[in-house]
Every structure is written in C-alpha cells, then in structure tokens.
Amino acid sequence: LAGSFALAAATAVALPTLQALVPAMVSRDDLPRANAIGQTAGSAGMMLGPALAGVMVAAYGPEPTILIAAAAFTSTDGREASDVSGDGGPPEDAP
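Below, the structure is looked at part by part. (Residues numbered from 1 in each chain as written. Predicted model: local features only at pLDDT ≥ 70, side-chain atom pairs only at ≥ 80, totals over all residues. Heavy atoms only, no water.)

1. Structural notes on the overall build of the protein chain
Within the protein chain one finds three helices and zero strands. In the protein chain, buried positions account for 16% of the 95 residues. Accessible area of the protein chain: about 6700 Å², with a carbon and sulfur share of 68%. (Helix = DSSP H or I, 4+ residues; strand = E, 2+ residues; numbered from the N terminus. Buried < 20%, exposed > 50% of the residue type's maximum accessible area, 1.4 Å probe, protein only. Areas by Shrake-Rupley, 256 points an atom, 1.4 Å probe, with all protein chains shown as cover.)

Now the structure itself:
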C-alpha cells in the first residue's frame with residue numbers, strides 16, 4: 001500500500017513537471033515532434049507496463065513489484081529533470 005501511494009505521489013508531481021520541461025528542452029520548431037515522442041513513449045508504457053507487471057507479480061509477488069516500479073519511476077523522473085540545458089534556461093531559439 002505504501003508503494004502504491006509513493007508511485008501515485010511521484011506521478012502527480014512528475015507529469016506536470018515533464019510537460020513544463022519539454023518546451024525548455026527543445027526548440028519551438030521541434031516541440032510538436034518532442035510532444036509526439038513523449039506521447040508515443042507513454043502509450044507504449046501503458047501497453048507494455050501491465051504485461052511486465054504481471055510477469056513480475058507472478059515471479060516476485062505484488063509488494064516487491066510495486067516497490068521496483070516506484071524506484072524505477074522516480075529514478076527516471078530525476079534523470080529527466082537533470083536533462084535541462086546546462087544554463088538552466090530554454091534553448092536560444094525558444095520563445
């Protein structure tokens with residue numbers, strides 16, 4: 001239960017943060033493509049995630065599966081936040 005809560009709390013912070021960071025990471029011309037890539041990755045995760053979770057629940061049980069998912073999610077979210085340009089601002093050709 002605690003793992004589910006942690007994953008939900010991380011998602012509540014990560015999704016708006018990612019949506020705000022994408023325009024800072026790509027130029028205005030590349031923004032539609034970057035959004036499309038993000039949507040495609042999200043859709044793939046929604047399709048493949050439950051299948052992988054089912055295999056993990058069968059192999060390890062539900063609690064370790066939730067804890068692994070939460071750890072993987074938060075580590076990925078931290079890497080996304082650190083990918084912003086080195087000066088902390090948007091690309092030069094951004095609006």
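2. Concerning helix 1 (residues 2-25)
Compared with an ideal rise of 1.5 Å per residue, which puts 24 residues at 34 Å, helix 1 spans 33 Å between its outermost C-alpha atoms and is within 8% of the ideal. Gly3, Ala10, Ala14, Leu21, Val22 and Ala24 are the residues of helix 1 that are buried. (Expected span 1.5 Å × (residues − 1).)

3. What to know about helix 2 (residues 31-60)
Along its length, helix 2 shows its largest kink, about 35°, at Leu48, and proline Pro50 lies within four residues downstream of that point. Backbone geometry just downstream of helix 2 places Gly61 in the positive-phi region, at approximately 100°. (Bend = angle between axes of the 7 residues up to and from the residue.)

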